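# Chain and residue survey
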Amino acid sequence: MRNKGLRKRFTLSLGLTVLISALLGLMLWQSLYLSAAAGWIPRVVLVFTLFLALLQCALDWRYGGALQQHSPSEKDGARRRRVLAALAWIGSLLACILLLGTIAGSVVFSFAWFRWQARERLAVSLLMAAGLGLVLWTAFAFLLGVSLFPGLFFEAVF
Amino acid sequence: MDGSVFDAALEGLALVFSWPYILYPVAGTLLAMVFSASPGLNSSSLMALAIPVTYAWDPLAVMLLFGAFVGGATFMGSVTAILFNIPGKAQNAVTQLDGFPLTVRGEARTAIGCSAASSALGSTFGIFLLIALIPVMRHAAVALGPAEYLMLAVWGLSMLAALTGDSVLKGLIAAGLGLALAMIGHDPRTAEPRFTLGFHYLHDGLSLVPVFLGLFALAEVIHLAAEGRKTLSGRAREEDLGGSAMEGIRSVFQHFGLFLRSSVIGTVIGAIPGIGSSVAGFVAYGHASQSARDRSQFGRGDIRGVLAPEAANDAKDGGALVPTLALGIPGGTGTAVLLGALTLHGLAPGREMLTDNLVLVFVLIWSLFLSNWITSLLGLALVNPMARLSTIRTTRLLPVILVLAVMGAMQYRGLVADAVCAVLFGIFGYAMKRSGWPRIPLVIALALAPTFESNLHLTMRLHELGRIDFWARPVVLALAVLTLANLFLSPFLRRLRAMRQRREKQLR
């Protein structure tokens with residue numbers, strides 16, 4: 001019963017306020033090690049903002065649950081799964097770029113997305129991923145001469 | 001305007017439209033449009049790339065090309081901001097606040113039309129003001145010191161009161177967080193590293209572009225994926241889209257007072273060296289939101305939220321040439337590179353530039369003017385194909401947006417860490433969006449904080465040494481009055497208006 005009440009009070013807004021408060025607290029603690037000349041403006045800003053953030057924490061704790069219009073439903077569960085999937089895709093894009101470089105990484109990532117997330121046919125996925133890679137290469141590398149990140153794999157091989 | 005200035009203006013105009021010189025601004029504008037549509041790349045990078053290519057050219061061709069680079073880059077960044085929530089440059093970030101919600105509502109055509117019209121008219125306003133000010137601008141630009149810059153930043157920060165959304169407390173915390181995050185890096189006075197936590201990456205501070213791309217573009221990608229929306233506009237066919245380019249153009253004339261005020265804000269802020277180009281749009285947006293009778297739609301797709309920053313952003317280009325040409329002090333990064341290119345061609349800014357090379361100055365100005373109109377007219381011609389992008393299935397669009405946003409974040413400084421930074425801010429931005437936290441105060445505070453902090457230090461030092469009397473400076477006093485009006489007069493008038501409306505309702 002008590003757990004249910006706690007769960008109801010713990011909203012995303014409260015979680016975010018706690019995160020912001022923790023970040024501000026960490027920065028305030030760090031600012032104590034700065035010299036007076038470098039630290040006074042950050043300290044003024046951080047003390048003021050941390051005070052407001054803690055006030056918001058109290059408000060979220062007191063009223064956050066009451067403001068939540070509905071109890072967690074199947075829809076929320078599905079959304080949570082989709083958010084996690086989106087984050088995983090973003091993480092995989094970063095990993096692809098880090099390993100294979102900007103162009104090759106983007107092509108591999110977009111092919112995987114088109115094939116498995118968008119459920120496009122193999123030929124369509126290949127075509128769209130290659131098209132994206134070609135546009136990026138033409139615009140950035142060929143026409144504009146921008147030096148693109150080569151990726152750890154290609155850096156090691158060549 | 002004296003006769004020599006008028007003659008130089010006419011001679012410059014004739015040169016811009018003469019064959020084959022007309023090709024330079026046209027080609028420059030098209031190049032700038034392509035370049036600025038790629039997130040993270042901007043006119044400064046294009047100009048930097050063009051410097052070695054144009055080294056052997058004659059100064060006239062260089063002026064024509066570089067003027068077009070400055071003018072042609074702004075609009076396309078706004079188009080990507082409106083359509084995909086990806087700002088081409090930091091200054092376009094403010095356009096997406098209301099531009100993207102309009103796309104989501106199926107009114108991308110109206111937003112692009114309004115953006116094109118206010119850009120073209122705003123730049124025209126800025127350029128004509130620049131021409132009118134040429135005889136006096138040398139004296140005006142040197143009259144500004146750290147105290148004025150400080151008050152300008154304070155004025156910009158006071159705009160936050162209007163942008164806090166439903167919760168003032170959350171808005172203030174977001175602004176405080178923005179100020180705190182901007183202090184990461186070296187202290188401007190002592191060069192002491194602050195809040196770097198031992199990470200080498202943080203020594204240079206947080207770059208605005210990855211933060212903007214994360215907070216808005218990546219957060220939107222997560223949001224769209226989470227909502228399972230079929231298309232950006234919620235409509236699958238072009239015929240189902242609402243709004244039109246004409247409606248967007250009409251909105252500029254319906255809110256002509258706001259357009260004029262935003263253009264003045266843009267020109268004035270652009271003329272102040274070192275303030276940064278992203279500030280003009282934010283201040284204009286804040287003004288639009290504060291002066292509106294009904295501001296409930298701001299951030300949800302109010303056309304005035306597109307009009308004001310677009311007019312200011314383009315009017316700023318004219319203003320930014322004032323300190324660059326008159327004093328050799330660039331107004332922003334773009335004008336800094338332009339200054340470098342001019343110096344390489346033996347064109348020293350200052351009195352000589354405004355007397356002996358006045359025709360070349362006008363060539364630059366008219367080229368800027370022409371490129372602004374070319375981009376806007378092309379934008380209007382391409383409204384329908386561009387709006388059609390909002391009917392493409394999100395499963396096909398999201399990987400493209402994702403790749404462009406991550407590339408944009410990385411290309412700005414060439415660091416993979418910037419992409420990681422953008423992703424972290426993307427998750428943070430999504431959490432803010434989901435739980436009703438305003439993101440605008442955070443980015444405005446982040447953009448204004450460096451100006452605020454460095455000038456606060458300078459002003460205090462000068463005051464201690466008895467070199468300035470803070471309250472005896474007319475510009476400081478004028479800005480203080482504007483700040484107070486922002487903080488107290490606008491809410492008071494709004495409350496008065498609400499009371500009057502309530503009373504009228506009761507009487508009925």
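Owing to the predicted nature of the structure, the values given are computational and were not obtained by experimental measurement.

### Quick look at the overall build of chain A
Looking only at helices and strands, chain A features seven helices and zero strands. When the 158 residues of chain A are sorted by exposure, 30% land in the buried category. For chain A, the proportion of contacts with a sequence separation of at least 24, taken over those separated by at least 6, is 61%.

### Brief notes about the overall build of chain B
On a plain count of helices and strands, chain B comes out with 22 helices and two strands. Counting only residues that meet the buried cut, chain B has 59% of its 508 residues in that class. Counting contacts in chain B only where the partners sit at least 6 residues apart, residues at least 24 apart contribute 80% of the total.

### Side note on helix α17 (residues 358–381) of chain B
Its 24 residues place the ends of α17 of chain B 35 Å apart at the C-alpha level, agreeing with the 34 Å of an ideal helix rising 1.5 Å per residue. Counting buried residues in α17 of chain B gives 18 out of 24 residues, a clear majority hidden from the surface.

### Remarks on the nonpolar core
If you look at the biggest cluster of nonpolar residues, it comprises 197 residues, and the most contacted ones within it are I365, I401, A405 and V406 of chain B. The element contributing the most residues to this core is helix α4 (residues 59–84) of chain B, with 16 residues.

### Details of unusual backbone geometry
Residues and elements named next belong to chain B. In the segment running from W19 into P20, the intervening peptide bond is cis, with an omega of 0°. Phi angles above zero are rare outside glycine, and A191 is one such case at about 65°. Mapped onto the elements of the fold, A191 is located in the loop between β1 (185–186) and β2 (193–194). One non-glycine residue, F195, lies in positive phi territory at about 55°. Within the secondary structure layout, F195 lies in the loop between β2 and α10 (208–227).

### Description of the packing of helix α6 (residues 108–133) of chain B against helix α11 (residues 245–254) of chain B
Residues and elements named next belong to chain B. The geometry of α6 relative to α11 is characterised by a closest axis approach of 6 Å and an angle of 45° between their N-to-C directions. When the interaxial angle is binned, α6 and α11 end up oblique. Note on packing geometry: the crossing formed by α6 with α11 is right-handed. Across the interface between the two elements, R109, T110, A111, I112, G113, C114, A117, S118 and L121 from α6 touch A245, M246, E247, G248, I249, S251 and V252 from α11. When grouped by side-chain class, the residues that make up the contact of α6 with α11 number nine nonpolar, five polar and two charged.

### Quick word on the interface of chain A and chain B
Accessible area lost upon the coming together of the parts serves often as the stated size of an interface. Tallying the contact residues gives 47 residues for chain A and 48 residues for chain B. Of all elements in the fold, only α2 (12–31), α3 (36–67), α4 (74–100), α5 (102–117) and α6 (122–143) of chain A reach the threshold of two or more residues within the side of chain A that touches chain B. The element best represented in the side of chain A that touches chain B is α3 of chain A, accounting for 12 residues. Grouping the constituent residues of the side of chain A that touches chain B by class yields 35 nonpolar, 10 polar and two charged.

### Digging into the packing of helix α5 (residues 93–104) of chain B against α6 of chain B
Residues and elements named next belong to chain B. Two numbers describe how α5 lies on α6: the axes approach to 7 Å, and their chain directions differ by 145°. Where α5 abuts α6, its residues T95, G99, L102 and T103 lie against A108, T110, A111 and S115. When grouped by side-chain class, the residues that make up the contact of α5 with α6 number three nonpolar, five polar and no charged.

### Observations regarding α6 of chain A
All names here are of chain A. If you check α6, its first and last C-alpha atoms are 30 Å apart, about what 22 residues at 1.5 Å a residue would give, namely 32 Å. If you look at α6, its biggest bend is around 30°, right at W137. Three or more residues of α6 are buried, namely M128, A129, L132, G133, L136 and F140. Note on α6: the residue one or two positions beyond its end, G145, has a positive phi of about 65°.

### So, the environment of M27 of chain A
In this fold, M27 of chain A is placed in helix α2. Taking the C-beta count within 10 Å as the criterion, M27 of chain A has 23 such neighbours and is therefore assigned buried. Residues M27 of chain A and L132 of chain A, spaced 105 residues apart in sequence, show a C-alpha to C-alpha distance of 41 Å. Once you skip the residues sitting within four places of it in the chain, M27 of chain A turns out to touch L46 of chain A together with A180 and F195 of chain B.

### Overview of the confidence of the model for chain A
Across chain A, pLDDT averages 85, with 85% of residues at or above 70. Mean pLDDT in chain A bottoms out at helix α1 (residues 2–9) of chain A, which sits at 60, and peaks at α5 of chain A, which reaches 93.

### A short note on the confidence of the model for chain B
All names here are of chain B. Per-residue confidence for chain B gives a mean pLDDT of 81; residues scoring 70 or more make up 89%. Confidence scores differ between elements of chain B, with helix α7 (residues 137–142) showing the lowest mean pLDDT of 60 and helix α20 (residues 416–434) the highest of 91. The ipTM for the predicted assembly is 0.89, set against a pTM of 0.76.

The rules we used
- Residues numbered from 1 in each chain as written.
- Chains lettered and ligands numbered in written order.
- Predicted model: local features only at pLDDT ≥ 70, side-chain atom pairs only at ≥ 80, totals over all residues.
- Helix = DSSP H or I, 4+ residues; strand = E, 2+ residues; numbered from the N terminus.
- Buried ≥ 20, exposed ≤ 12 C-beta atoms within 10 Å, placed from the backbone.
- Contact = placed C-beta atoms within 7 Å.
- Expected span 1.5 Å × (residues − 1).
- Core = buried A, V, L, I, M, F, W, Y, C linked by C-beta atoms within 7 Å.
- Axes fitted to C-alpha atoms, helices over the stretch in contact; angles between N-to-C directions.
- Parallel < 35°, antiparallel > 145°, perpendicular 65-115°, else oblique.
- Left-handed = near helix turned anticlockwise from the far one by under 90°.
- Nonpolar A, V, L, I, M, F, W, Y, C, P; charged D, E, K, R; others polar.
- Bend = angle between axes of the 7 residues up to and from the residue.
- pLDDT = per-residue confidence, 0-100.

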